[in-house]
Structure formats: C-alpha cells, structure tokens
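Fold and geometry: a report
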Amino acid sequence: MELNKKLIGIRIMQHRKAFGLTQEALAKQIGCSKNHLSSIERGKYIPTTQLIFNICNTLGGTPDYYLIGKISKDTDRISALVQCLPEESQGVVCRLIETYLEEIHGI
C-alpha cells in the first residue's frame, strides 16, 4: 500500500484548524519548523514516525488515521449519534465539543 502524501497533509491540516491552531503554533508544539509543517500539509513530505506521534499527542487521533484515514469505532459511533440529531442540534453539539477542546487544550 502506498501512502498518499496529499491526504496525510489534508488530515493534519483539518485537525490543526479544528483546534484553532496556526501552522506556527502546531509546529512549535510538535517540534518542527513552520516551513516543514507547511510542506507536510501541502503533501510534499510524509511526516516521520516521531512527528506523527507528536501530532497524535497534540491533536488527538491515531497514526493510522493520519496515515491511511482509518477512523476508530468510537469516532464512527459519535458521528452516528450526532447525525441522528436535528441539524440545528448538530451545530450545538459541535460548539460544545469545540468549547470542551478549548478548555482542555487551552486554545
């Protein structure tokens, strides 16, 4: 199986933005330069194993999610529960999760 560098970068970028982090802030937290993170997010490079672990520790998720897009069973369950809600309630749940993430990560 060949890894898709562009999709890896997109998954990292989406999680970074969901946490409200700039490239510079995330790069500092995971121990690389902003330019290197930018290159990863644009699909020029695949992050090293250590960098993937640092990303997981900072943004959550698992290495398999970032590398191949596999989502855990809990993620599927949460997504299914949210999809059962009316559309306006889904927005409320999203704002609650964002607020929770801000609280625990100090964003």
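Check the entry above for the structure.
This section reports on the structure supplied with the text. (Residues numbered from 1 in each chain as written. Predicted model: local features only at pLDDT ≥ 70, side-chain atom pairs only at ≥ 80, totals over all residues. Heavy atoms only, no water.)

1. A closer look at the environment of Tyr66
What counts here: Numbering of helices and strands runs from the N terminus; a helix is a DSSP stretch of H or I covering at least four residues, while a strand is a stretch of E covering at least two. Here a residue-residue contact requires only that any non-hydrogen atoms of the pair lie within 4.5 Å. In the analysis that follows, any N or O atom pair within 3.5 Å is treated as a polar contact, provided that within protein one partner can donate a hydrogen and the other can accept it, and provided that, for residues neighboring in sequence, both atoms belong to side chains.
Inspection of the secondary structure assignment puts Tyr66 in helix 5 (residues 63–68). Along the sequence, Tyr66 and Leu7 sit 59 residues apart, while their C-alpha atoms lie 8.3 Å from each other. Those residues in contact with Tyr66 that sit more than four places away from it in its chain are Ile8, Arg11, Ile12, His15, Ile52, Ile55, Cys56, Leu59, Gly60 and Gly61. Separated by 2.8 Å, the side chain of Tyr66 and the backbone oxygen of Gly60 make a polar contact.

2. Considerations on the packing of helix 2 (residues 23–30) against helix 4 (residues 49–59)
Using the following cut-off: Here an axis means a line fitted to C-alpha atoms, over the contact stretch when the element is a helix, while the angle between two N-to-C directions is reported on a 0 to 180 degree scale. Here the angle decides the label: under 35 degrees means roughly parallel, over 145 means roughly antiparallel, 65 to 115 means roughly perpendicular, and every other value means oblique. We call a crossing left-handed when the near helix sits turned anticlockwise from the far one by less than a right angle, and right-handed when that turn is clockwise. The residue classification treats Ala, Val, Leu, Ile, Met, Phe, Trp, Tyr, Cys and Pro as nonpolar and Asp, Glu, Lys and Arg as charged. All others, Gly included, are polar.
Where helix 2 contacts helix 4, the two axes come as close as 9 Å, and the packing angle between them is 115 degrees. If you check the angle between helix 2 and helix 4, you find them roughly perpendicular. Judged by the twist between their axes, the crossing of helix 2 over helix 4 is right-handed. Counted together, Leu26, Gln29 and Ile30 of helix 2 and Leu51, Asn54, Ile55, Thr58 and Leu59 of helix 4 form the full contact between these two elements. Among the residues forming the contact of helix 2 with helix 4, the class breakdown is 5 nonpolar, 3 polar and no charged.

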